[in-house]
Amino acid sequence: MLTRREFINKFYSEIVPILEPLEQKRKRYRIKNIKTVLKCLASGTISMVLGILLFKYKEASSDPTLATIATILCGSGFALWCFLFESIFSKISKFETEIKNQIMPTICSYIGDIEWKKRSRGYANGVRESQLIRKYDYQYCDEVFTGSYKDIPYVIAEVLFTEKGNKGEYPVFRGIIIKIDVNKEFNSHTLIMPTPNWEFRILKGLERTQLDNINFEKKYNVFTNNEVEARYLITPTFMERLNTIKMAFFARRIRCAFHNGNLLIALNSRRDVFSIGKLYSTILNIKPYLRMYEEIASIINLIEHLKMYDKSGV
């Protein structure tokens, strides 16, 4: 993995030349999109205003066709507004995907043995069994990074978990799930939850335990079926690097679980985490690329700690 300085140098020397033609294309797309927005907005507004005026005029008239015309006008205006928003989001998403398809392989090669995929499935497996997220019915995965560091596989997935209700689906969790195949020998099931824990629920087979760290106890609750292993796993260095991940991803809350040989981390975040290539801002700005580098680097640092404290001594 490149150092931060090396990454910056590589970006300006190798990535920017790739992005410059795409930046010109982005400017053309932006102008074209703005024109489409203005046309749809103007047409939709005029149609809605005319429809409303006809509805008011209908009250003073006995002509039944006015109501039909007014309804058509209002419906047309609403349809144009819907088309407007759909067009905006569609073009932004299409442009961002085009950018990522061209530069992500190179960006990933700078970070290490890692691969980026768009809208993949099955990468959040194990979350339900670990009790990391409360009950959910569906999972949606927008973007995924799969990689390996010093023979330790890991996955970073941007996900949405929803639960089925009487009036449709509602979100249970939105953010990042990190799954690390821990190179440690542990048989326990340990859960670290932030305090206060707003998800009032019964944790099956786990009991609350306290650690000898006052500052830690103020921020987190630990639930486990093996207190000895929990104390071995949750070291001050581990919590420090876990907090670094939280800050790197600008997450509101973080929780994690040791379960079935894996470390699972959930980061609550409503922002588009891996946002690169926005249609309405320059794609030559290094900040979003550097932020992605720092996010993944924070996970690598945690894996380095886990590797260091491997019981097998490897």
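Scroll up to find the structure.
A brief structural summary. Note that this is a predicted model, so its numbers are computed, not measured. (Residues numbered from 1 in each chain as written. Predicted model: local features only at pLDDT ≥ 70, side-chain atom pairs only at ≥ 80, totals over all residues. Heavy atoms only, no water.)

Here we come to the layout of surface pockets. Approximately 450 Å³ is the volume attributed to the largest pocket. Counting only elements with at least two residues in the lining of the largest pocket, the list comes to helix H4 (214-219), helix H6 (236-248) and strand E8 (253-259). Take the lining of the largest pocket: its biggest share by element is five residues, from H6. The residue makeup of the lining of the largest pocket, split by class, is eight nonpolar, five polar and seven charged. (1 Å grid on protein atoms, 1.4 Å probe; cavity = no way out; pocket = protein on both sides within 12 Å on 5 of 7 lines; lining within 4 Å. Points joined across faces, edges and corners; volume = space filled by probe spheres on them. Helix = DSSP H or I, 4+ residues; strand = E, 2+ residues; numbered from the N terminus. Nonpolar A, V, L, I, M, F, W, Y, C, P; charged D, E, K, R; others polar.)

Here we come to the sheet that holds strand E7 (residues 220-224). Strand order in the open sheet formed by nine strands is E1-E2-E3-E4-E9-E8-E5-E7-E6, with antiparallel pairing between adjacent strands. Both edges of this open sheet fall to strand E1 (113-118) and strand E6 (207-209), since each of them pairs with a single strand only. Strand-to-strand twist in this sheet, taken as the mean axis angle between neighbours without regard to direction, amounts to 20 degrees. Looking at chain direction, E1 and strand E2 (residues 138-149) are connected through six bridges and run antiparallel. When the sheet's bridge partners are listed, Lys118 is paired in E2 with Glu143. Against the sheet, H6 engages strand E4 (168-181), strand E5 (190-194), E7, E8 and strand E9 (262-268), with an angle of about 130 degrees to E8. (Pairing = 2+ DSSP bridges. Axes fitted to C-alpha atoms, helices over the stretch in contact; angles between N-to-C directions. Contact = heavy atoms within 4.5 Å.)

The next point concerns H6. In this model H6 runs 18 Å from its N-terminal to its C-terminal C-alpha over 13 residues, within 8% of the 18 Å that 1.5 Å per residue would give. Three or more residues of H6 are buried, namely Phe238, Met239, Leu242, Ile245 and Ala248. (Expected span 1.5 Å × (residues − 1). Buried < 20%, exposed > 50% of the residue type's maximum accessible area, 1.4 Å probe, protein only.)

Overall, the coordinates contain eight aromatic pairs when judged by the stated rule. Each ring, one from Phe7 and one from Tyr110, has its centre 6.2 Å from the other, and the planes form 85 degrees; the classification is edge-to-face. Taken together, the residues span a long stretch of sequence, with Phe7 in helix H1 (residues 4-58) and Tyr110 in helix H2 (residues 65-111) at a distance of 103 residues. For the pair formed by Phe7 and Tyr110, the shared burial category is buried. Here the aromatic cluster, defined as three or more aromatic residues joined through ring pairs, consists of Phe7, Tyr110 and Tyr293. One cation-aromatic arrangement involves Arg128 over Tyr136; the distance from NZ or CZ to the ring centre is 4.2 Å. (Phe/Tyr/Trp six-rings, centres within 6.5 Å; stacked < 30°, edge-to-face > 60°. Lys NZ or Arg CZ within 6 Å of the ring centre and 35° of its normal.)

Right, let's talk about the nonpolar core for a bit. Phe238 and Phe249 are the most contacted members of the largest nonpolar core, which totals 65 residues. Ranked by residues supplied to this core, first place goes to helix H7 (residues 287-308) with 11 residues. The next biggest cluster of nonpolar side chains, apart from the first, holds 21 residues, and it includes Ile133, Tyr136, Val155 and Ile177. (Core = buried A, V, L, I, M, F, W, Y, C linked by side-chain atoms within 4.5 Å.)

Let us now look at the environment of Glu158. With respect to the helices and strands, the residue Glu158 is situated in strand E3 (residues 152-165). With relative accessibility at 10%, the residue Glu158 sits in the buried group. Taking the C-alpha atoms as reference points, Glu158 and Tyr140, separated by 18 residues in sequence, lie 8.5 Å from one another.

In short, geometric facts, not functional conclusions.
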